[in-house]
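# Reading the structure
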Amino acid sequence: MLTQEELEKLSREQLIELLLIDSKNLVAMDGVWFQSVEREQGMDSAMHHDEEIWKRYTRSEAKRIKKFLSLGEHPGLEGLARALNYRMVDRANPSEVGYRDGRLIYKILVCRVQEARTRKNMPLHPCKSAAVYEYGGFAEEIDDRIKCRCVSCYPDVTDASCSCAWEFWID
């Protein structure tokens, strides 16, 4: 195990590189387990387990990030925008955050998962059903007033400029 003392000896550049490596490794691990279930039990079973994992993982990740950023109980869309930048999975993918008509729009510009599946001549991952839990649960954990809607995500792609897009608002 890499001890805290050993981590403290690393340069800033090495720590940043390690953080990015860990983010990419998490995305790779997520894909490897998914493909294993997909091969052995089919896409429906893999998607069921993917949804169940994201229902739980995203909330624990959000709680840790919220605490790390000291966001408080209701940090609103601004707090969510900050928190999204700290997500491990999304750190591995180029993304952008913007606002339209008072709503937060979050886009994954390039998805490593879909790129890997394309390279392997595999069908694209139908991630929308799991990602609804991923992004909706994350937002709700950051601020329970926030609502989430999928704008574009495979298999329901409506925005070809990105891999997926999500809209967040408070009523």
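Heads up: these notes are all about the structure in this document. Values in this document were obtained by computation on a predicted structure and should not be read as measured data.

## Some remarks on the sheet that holds strand β3 (residues 146-153)
In any sheet, the strands associate via hydrogen bonds between backbone groups, in a parallel or an antiparallel arrangement. One open sheet holds the 4 strands; their spatial order is β1-β2-β4-β3, and the pairing between them is antiparallel. Because the sheet does not close on itself, it has two edges, and the strands there are β1 (95-100) and β3. Taken pair by pair, the neighbouring strands of this sheet meet at an average axis angle of 20°, ignoring direction. By the bridge criterion, 5 bridges tie strand β2 (residues 103-108) to strand β4 (residues 164-170) in an arrangement that is antiparallel. In the strand pairing of β4, I108 is matched with C164.

## Remarks on the state of the cysteines
Taken as a whole, this structure holds 0 disulfides when the rule is applied. The structure places no disulfide on C150, whose sulfur is separated from the nearest cysteine sulfur, that of C153, by 5.0 Å. The class for C150 is buried, based on a relative accessible area of 15%. No disulfide involves C164; its nearest neighbouring cysteine sulfur is the one of C153, lying 4.8 Å away.

## Remarks on a positive patch on the surface
Together, K24, R39, R112, R119 and K120 make up a region of like positive charge exposed at the surface. Here R119 shows up in helix α6 (residues 112-119).

## A look at α6
Turning to α6, its buried residues number three or more, namely Q114, A116 and R117. Buried residues of α6 fall within an arc of 160° about the axis and therefore sit on the same side. Residues of α6 that are buried in the fold lie against α2 (12-41) and α3 (43-68). Immediately downstream of α6, the backbone of N121 shows phi near 55°, a positive value.

## Details of the pattern of salt bridges
A complete count under the given rule lists 13 salt bridges for this structure. With a shortest N-O distance of 3.0 Å, E134 and R87 are connected by a salt bridge. You can see E134 sitting in helix α7 (residues 128-142) and its partner R87 sitting in the loop between α4 (76-84) and α5 (88-91), a full 47 residues away along the chain. Residues E134 and R87 agree in their burial class; the two are buried.

Rules used throughout
Residues numbered from 1 in each chain as written. Predicted model: local features only at pLDDT ≥ 70, side-chain atom pairs only at ≥ 80, totals over all residues. Heavy atoms only, no water. Pairing = 2+ DSSP bridges. Helix = DSSP H or I, 4+ residues; strand = E, 2+ residues; numbered from the N terminus. Axes fitted to C-alpha atoms, helices over the stretch in contact; angles between N-to-C directions. Disulfide = S-S within 2.5 Å. Buried < 20%, exposed > 50% of the residue type's maximum accessible area, 1.4 Å probe, protein only. Patch = residues over 30% accessible without salt bridge, like charges linked within 9 Å, V, L, I, M, F, W, Y side chains within 5 Å. Areas by Shrake-Rupley, 256 points an atom, 1.4 Å probe, with all protein chains shown as cover. Salt bridge = Lys/Arg side-chain N within 4 Å of Asp/Glu carboxyl O. Lys, Arg positive; Asp, Glu negative; His and termini not counted. Charge placed at Lys NZ, Arg CZ, Asp CG, Glu CD. Arc of directions from axis to C-beta. Contact = heavy atoms within 4.5 Å.

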